[in-house]
Amino acid sequence: MKRVFAGGMRVALIDAEAVRLHDEDVANCRAIGRHGAGVVPAEARVLTHCNAGALATGRYGSALGVIRAAVEAGKRVAVYADETRPFLQGARLTAWELVRDGIDTTVITDGMAGSLMRAGMVDVVVVGADRIAANGDVANKIGTYTVAVLAREHGVPFYVAAPLSTIDLSTPDGSGIPIEERDAKEMTYMGASQLVPEGAAVWNPAFDVTPASFVAGIITERGICRPPFAESLKHVCDGNQ
């Protein structure tokens, strides 16, 4: 958009570029969905965390794009959506999208995922990403790392669905990804109701980093990258498939 703006402030050109970017995003998400649908079993119980759907993208979604594409391919999919504390993107956004699509959806609290996996009720985990380092470390909504650890413990494959624009080859590993700390009121209040006593300290990071060793694959619009990610991510970003 800066490039278009620098060429002369013509509203028609800026509008056209915005539409182009939107259409490109939709196409990328649909491609992610097509590639990712293959990792979803014919009858699958999928766990996801936070929102990586149409509300987080131009349309269709990355992680939810995988789920949507699997359903469109005729697979029987049921989704468990972590409520995603403290801001409840899973409960407010993911569940809303899936229910509107007629996809079997169950909301659980973040603390229930381990028991669900231990009971053998999760076949695959699919989440989105805010940034992916060159070695495959993945930054996503806080709580994603916990889900990945639980998935490893219970033998559940953990996949990340994200466009190439999320991959940052200039950041060697997850330690170089800055983590935003959010407003304490997201934790201390629910609407107008105060939940936490005055004087209690609050730590509220927006994201955590899941080490690449916990990730079975990173689903992009050009295909699925698998370990070793330092090679496969560079390969896919270079335009190879």
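One structure accompanies this document, and this report is about it. (Residues numbered from 1 in each chain as written. Predicted model: local features only at pLDDT ≥ 70, side-chain atom pairs only at ≥ 80, totals over all residues. Heavy atoms only, no water.)

**Notes on the side chain of asparagine 140**
Inspection of the secondary structure assignment puts asparagine 140 in strand E6 (residues 138–141). Once you skip the residues sitting within four places of it in the chain, asparagine 140 turns out to touch His49, Val127, Gly128, Ala129, Asp130, Ala206, Phe207 and Asp208. (Helix = DSSP H or I, 4+ residues; strand = E, 2+ residues; numbered from the N terminus. Contact = heavy atoms within 4.5 Å.)

**Here we look at the packing of aromatic side chains**
The relative placement of two aromatic rings is captured by the distance of their centres and the angle of their planes. Applying the stated criterion across every chain yields a total of 1 aromatic pair. Ring plane angle 80 degrees and centroid distance 6.1 Å describe the contact between tyrosine 145 and phenylalanine 214, whose orientation is recorded as edge-to-face. Here tyrosine 145, found in helix H6 (residues 144–153), pairs with phenylalanine 214, found in the loop between strand E11 (207–210) and strand E12 (217–220); they are 69 residues apart in sequence, far enough to count as distant. In this structure, arginine 92 is placed above the aromatic ring of phenylalanine 87, and the distance from its NZ or CZ to the ring centre is 5.0 Å. (Phe/Tyr/Trp six-rings, centres within 6.5 Å; stacked < 30°, edge-to-face > 60°. Lys NZ or Arg CZ within 6 Å of the ring centre and 35° of its normal.)

**Some remarks on H6**
An α-helix turns once per 3.6 residues; consequently, residues spaced three or four apart project the same way. Among all positions in H6, only Thr144, Val147, Ala148 and Ala151 are buried. Along the axis of H6, the buried positions cluster into a sector of 100 degrees, meaning they face one direction only. Positioned one or two residues after H6, glycine 155 has a phi angle of 70 degrees, which is positive. (Buried < 20%, exposed > 50% of the residue type's maximum accessible area, 1.4 Å probe, protein only. Arc of directions from axis to C-beta.)

**Focus on the pattern of salt bridges**
What the rule picks out here adds up to 11 salt bridges. The partner of glutamate 24 in a salt bridge is arginine 20, and the shortest N-O contact between them spans 3.4 Å. Of this pair, glutamate 24 and arginine 20 are both found in helix H2 (residues 11–36), 4 residues apart, which corresponds to roughly one turn of the helix. Assessed through its relative accessible area of 39%, arginine 20 is described here as partly exposed. (Salt bridge = Lys/Arg side-chain N within 4 Å of Asp/Glu carboxyl O.)

**Description of the pairing of E6**
Two strands pair when backbone bridges link them, and strand E5 (residues 131–133) and E6 are joined in this way by 2 bridges, in the antiparallel orientation. Bridge pairing links arginine 131 to alanine 139 in E6. Here E6 runs beside E11; their pairing, made up of 4 bridges, is antiparallel. Paired with valine 138 across the strands is threonine 210, a residue of E11. (Pairing = 2+ DSSP bridges.)

**Notes on unusual backbone geometry**
Backbone torsion omega between arginine 85 and proline 86 reads 0 degrees, so that peptide bond is classified as cis. Among the secondary structure elements, proline 86 is positioned in the loop between strand E2 (76–82) and helix H4 (89–100). Between proline 227 and proline 228 the backbone carries a cis peptide bond, its omega angle lying at 0 degrees. Of note in the backbone geometry, cysteine 50 takes a positive phi value of approximately 70 degrees without being a glycine. Positionally, cysteine 50 belongs in the loop between strand E1 (43–48) and helix H3 (63–72). Taking the relative accessible area as the measure of exposure, cysteine 50 reaches 12% and is therefore buried. The backbone of tyrosine 60 sits at a positive phi, close to 80 degrees, despite the residue not being glycine. Mapped onto the elements, tyrosine 60 comes out in the loop between E1 and H3.

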